[in-house]
Amino acid sequence: MIKPLRGMKDLMFEDAERFVYTIKTAIEIAKRYGYSYIETPILEETALFKRSVGDSSDIVSKEMYQFEDKGGNDVCMRPEGTAGVVRAFVSNKLDRQPVKQKFYYYGPMFRYERPQKGRLREFHQFGCESFGEASVYEDFTMITMISQIFEALGIGFDLKINSLGCPECMPPYRENLVSFLTNIKEELCTDCNRRIDTNPIRVLDCKNEKCQSLLKESPKLTENLCETCQSDFQKLTALLDDAGIAYEVDTNLVRGLDYYNKTAFEFVSNEIGAQSAIAGGGRYDKLVEYLDGKPTPAVGFAIGIERIMELVKMPKKQKEGIYMGAMTPEAVEHLFPLAAKKRKETKVTVEYTPKGFKTHMKGADKAGARYALLIGEDELKNGTVWIKDLETKEEKTITLEAF
Ligand code: HAM
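## A look at the sheet that holds strand S2 (residues 43-45)
1) Next: If you trace the three strands from one edge of the open sheet to the other, you get S2-S4-S3, paired in antiparallel fashion. The sheet is open, and its two edges are formed by S2 and strand S3 (65-68), each paired on a single side. Shown here is a sheet whose adjacent strand axes are inclined to one another by a mean of 35°, direction ignored.
2) Next: Sheet topology places S2 next to strand S4 (residues 74-77); three bridges connect them, and they run antiparallel. Bridging from a neighbouring strand, Leu43 pairs with Met77 of S4.
3) Next: Against the sheet, helix H2 (residues 46-54) touches S2, S3 and S4, its axis set at about 75° to S2.

Take a look at the structure:
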């Protein structure tokens, strides 16, 4: 028997409904904020992710589904959505238009990670990317939108925020950090040692307890921001305070993708175990330029759908549509024109096999139907149908024409 690949899952029944409900809810809210749908290919040139997510990031260096296609091209299954959307923004020349663009997307992402609860190799994201708006009000609005999505889905969260500075304040900070890290090099884990040279900021994010306790004394970026970054970060926290959105400033929040600057944020849940990040995002004002577009400020986020699925509170399912059944073989054919007529307005389930009354009623219940319609010998003779409202329990017999 062939099984799905490790870290990949089929989705059906109740889970599939929950999935669709989650995406639909997010879409509805994103539209209210002016986002429109974008669909980009799952397969892209590997160079796209190397240049955007970053060569030294774990995603690019260890986790890519990368291969050579039959034409000899180095391609990759997207590990995240932002790079493709930025590529589309640039290759469709939207960077040359003075209009601000806002896109939402959802779909599968692929990362060759070690699977565990909440960590899959194929998982789904719902994401938004906003182009052309440099104001910190946009960062705030985006955080408000995510909070609203989680609220609509009945999900509680903690919000962590940080500022990663800009090309003015980040390089001197990085130098500062490297000299701090070099002094404690011997005591840090091998991963951190490797990162001191390749990507020192990521050291702050190390999950090793010993490293974390050593890093308590590290220089903090939020204390070394330039004037603009500092005042933007203060503005963001003030806006969140005024809006009553609780947050924690986490100076070690650096995110696992290299394109961020200034605002970075993560939404976490304490109800789902170790893989607790349910959404992440931030500003990436230089990425459009890195991918050969005109300088365009941008900010975005993505929610991990599988991570929140078990937390989503769906409204109680209402009985819906009509179940149609026949009690004699001759009556079966009479169901089809009725079904065709009613399908123009509601959901119809037709049982093709003639069955007894009780079995049909069980079928109607299983189909979640509001009404059961049956045709037996008497109805066939009289040109009528028998209908029961399964909610009010009211029954009646009406003529075929009246139906
Ligand atoms: P990310 O933090 O890598 O950011 O992923 C966003 C969310 O996807 C995570 O918070 C998590 O819920 C979910 N996720 C990530 N990896 C897995 C996995 N292996 N299994 C299940 N869920 C996972 C990004 O991808 C950025 N593109 C977000 C962004 C958009 N930044 C700006 N715009």
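## Re the sheet that holds strand S16 (residues 395-399)
1) Next: With mixed pairing, five strands are arranged side by side in an open sheet as S13-S12-S14-S15-S16. In this open sheet, the two strands that pair with only one neighbour each are strand S13 (348-350) and S16. Neighbour to neighbour, the strand axes of the sheet diverge by 25° on average, direction disregarded.
2) Next: Note: strand S12 (residues 322-326) against S13, three bridges, orientation parallel.

## Some details on the site of the ligand
1) Next: Near the ligand lie 26 residues; those nearest to it are Glu80, Glu113, Glu129, Tyr260 and Ala277.
2) Next: At 2.8 Å from a nitrogen atom of the ligand is found a side-chain nitrogen or oxygen belonging to Thr82.
3) Next: Across the complex, the protein chains shield 96% of the 660 Å² of accessible surface that the ligand would expose by itself.
4) Next: When residues of the shell around the ligand are traced back to their parent elements, those giving at least two are strand S6 (122-131), strand S10 (277-283) and strand S11 (298-304).
5) Next: Looking at the shell around the ligand, the element that brings in the most residues is S10, giving five residues.
6) Next: By residue class, the composition of the shell around the ligand is twelve nonpolar, seven polar and seven charged.

Cut-offs applied
- Residues numbered from 1 in each chain as written.
- Predicted model: local features only at pLDDT ≥ 70, side-chain atom pairs only at ≥ 80, totals over all residues.
- Heavy atoms only, no water.
- Pairing = 2+ DSSP bridges.
- Helix = DSSP H or I, 4+ residues; strand = E, 2+ residues; numbered from the N terminus.
- Axes fitted to C-alpha atoms, helices over the stretch in contact; angles between N-to-C directions.
- Contact = heavy atoms within 4.5 Å.
- Near = heavy atom within 4 Å.
- Polar contact = N/O pair within 3.5 Å; in protein donor to acceptor, adjacent residues only side chain to side chain.
- Areas by Shrake-Rupley, 256 points an atom, 1.4 Å probe, with all protein chains shown as cover.
- Nonpolar A, V, L, I, M, F, W, Y, C, P; charged D, E, K, R; others polar.

This is a description of form; function is not addressed.
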